[in-house]
Amino acid sequence: MIAPVPTPPSSARGEPSLALPRSFWKDFARKYWDREPTVLQHPFGAHFPTSGEIFEALVETGERIRRGEFAQPLRFYIEHPDGPGGLPYYSTLFNLSQHLPRREDGSLEGWMARLDSLLGGKRFGIVLNRAQCFQWNHWLQMKSFLSGFHEALGVPLGGSDSCVFLGNYLYTPFGIHKDDLHVFYFVIEGEKTMSLWPFDALTGRPEVPKDDPQLIHKTGLIYLADKEDERQLLSQALTLKGSPGDVLYWPASYWHRAEPTRGLMISASLGVSFRPPQFASMAPPHAWPERLRHTELPGGPRWQVPAPVRNSVQQRSRRKNLLAAESESTSEWVRFLTGGALDGPPPEAKEQPLSPGDWIRATPERPIVGVPLPDGRLLVSANGRSTTLPPAPAVRRRLEKLLMSLNGAKPQQVEALEDAFFTRLTARAFNKRAFRSLLDDLVRWRALQRCEPPRSRR
């Protein structure tokens, strides 16, 4: 068990930060990483995820689902106590339009009251994958937490994903299982108890495949026969207990299940994966880097895709339409890395288009990058999003200079940036509308923010 560490600093702009000091990660890596579970008791003095932020993430999720914008990343389980063998079972609710929160609910408490009426008092559980994509603060929290992890243990190219668990269910709806993820489990509301088993403890069960030596690195599921089977398994389990503000950790090799809790429980599990991407199995045989050094993450407008990833992408693209395939894969990896190696970008900001008199500034810790693609276009990316531009070489040089200027983090006026960009520019491949559209994109991606002009200009 790791004791509390000093309060982590917030960012210079007052953003929530869960960055932990290098000494913490050094101690964690030596004692626990990929070895055994532990409880990190209140490691943060501030900026821990809140129930209100999770409610906002679910409101955003509900609005997107009602608009039909994407396939649902959310699973809604209803618990039924009268399952076979005395064990509860869970049905899945697919029509979520009435059950997910709405802004008019006003608060988590208002939504819970409405939901209890809709469900007739039945217990329920909600699982929201890619939670960082639905709430800005949550994305910042998870990204800043991973910054120290990346420095100590490398940047996992299998990605990292925050998954919210919310409900009053008795047990994990999908039962005892194991993931292909190392898990950091943030307890936000409610006392949390997890039962865990080392991989070898359950490999003798009949439902566990015996002919797969790689199963320890894969997902798996245990099927309980009855209450006696459950009792025997629980007698062998390691138990971790967490309170709000604690973080539980267990390696990918451990089987686990959440146990009963009183009232509403809210948590966010940050899963970290070193598995290779799916395309690695479809390409000609070649080495795949399971991780990068933290220094290989984006660091400025002239940053390049790290050589191990670039070489692997090129190997994958040895087929018809080479340039298109390589450009597509390169774009995906640039977005992934500018997003902090998280599985998905933060929600876009709801901002009005910029006006010539607006002042803007970037955040140096999250640089905007420009990456030339194999097909000749220029990819501009920040915070996991991107746009592709087809400028001539002369325009590309101006774009690189623009990004370098923006990444300096000084307040700059839109009109002045535009005038400087187009001075003595004879090419017509990039016009003022495209220039302004690029800046508006960067504002929506939260790579640029409106700001006050420097005092000398006020």
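Here is a short report on the structure shown in this document. All values derive from a computational prediction rather than experimental measurement. (Residues numbered from 1 in each chain as written. Predicted model: local features only at pLDDT ≥ 70, side-chain atom pairs only at ≥ 80, totals over all residues. Heavy atoms only, no water.)

**Notes on the overall build of the protein chain**
- Of the regular secondary structure elements, the protein chain holds 10 helices and 21 strands.
- At 24 Å, the protein chain has a C-alpha radius of gyration in line with the 23 Å of a compact globule built from 458 residues.
- Oriented by its inertia axes, the alpha-carbon framework of the protein chain measures out at about 80 × 55 × 45 Å.
- Here the protein chain holds 458 residues, and the buried ones make up 54% of them.
- Considering only contacts in the protein chain between residues 6 or more positions apart, those separated by 24 or more positions represent 80%.
- As presented, the protein chain carries roughly 21100 Å² of accessible surface, and 50% of it is formed by carbon and sulfur atoms.
- Looking at charge distribution, the protein chain has the averaged site of its 58 positive side-chain charges lying 8 Å from that of its 49 negative ones. (Helix = DSSP H or I, 4+ residues; strand = E, 2+ residues; numbered from the N terminus. Rg over C-alpha atoms; globule rule 2.2 N^0.38 Å. Buried < 20%, exposed > 50% of the residue type's maximum accessible area, 1.4 Å probe, protein only. Contact = heavy atoms within 4.5 Å. Areas by Shrake-Rupley, 256 points an atom, 1.4 Å probe, with all protein chains shown as cover. Lys, Arg positive; Asp, Glu negative; His and termini not counted. Charge placed at Lys NZ, Arg CZ, Asp CG, Glu CD.)

**Remarks on helix α3 (residues 108–119)**
- The first and last C-alpha atoms of α3 sit 16 Å apart over 12 residues, in line with the 16 Å expected at 1.5 Å per residue.
- Buried residues along α3 sit against α2 (51–67), β2 (74–80), β4 (124–128), β6 (160–167), β8 (182–189) and β14 (265–272).
- Positive backbone phi, at 65°, marks Gly 120, one or two positions downstream of α3. (Expected span 1.5 Å × (residues − 1).)

**Here we look at the sheet that holds β8**
- Taken in spatial order, the eight strands make up an open sheet running β1-β12-β8-β14-β6-β4-β2-β3, and their pairing is antiparallel. The sheet is open, and its two edges are formed by β1 (38–40) and β3 (89–93), each paired on a single side. When the angles between neighbouring strand axes are averaged without regard to direction, this sheet yields 25°.
- When β8 meets strand β12 (residues 247–250), the two strands line up antiparallel, connected through four bridges. Its bridge partner lying in β12, Phe 186 is registered against Val 247.
- Contacting β6, β8 and β14, helix α4 (residues 136–153) runs over the sheet at an angle of about 45° to β14. (Pairing = 2+ DSSP bridges. Axes fitted to C-alpha atoms, helices over the stretch in contact; angles between N-to-C directions.)

**Comments concerning the nonpolar core**
- By size, the foremost hydrophobic cluster in this structure holds 55 residues, and its most contacted members are Phe 76, Leu 166, Phe 184 and Phe 186.
- Element by element, the count of residues in this core is highest for α4, at eight residues.
- Setting aside chain neighbours within four positions, we find Phe 76 in contact with Ser 91, Thr 92, Leu 93, Leu 96, His 99, Leu 115, Leu 119, Phe 124, Gly 125 and Ile 126.
- By size, the runner-up hydrophobic cluster in this structure holds 27 residues, among which are Phe 421, Leu 425, Val 443 and Leu 448. (Core = buried A, V, L, I, M, F, W, Y, C linked by side-chain atoms within 4.5 Å.)

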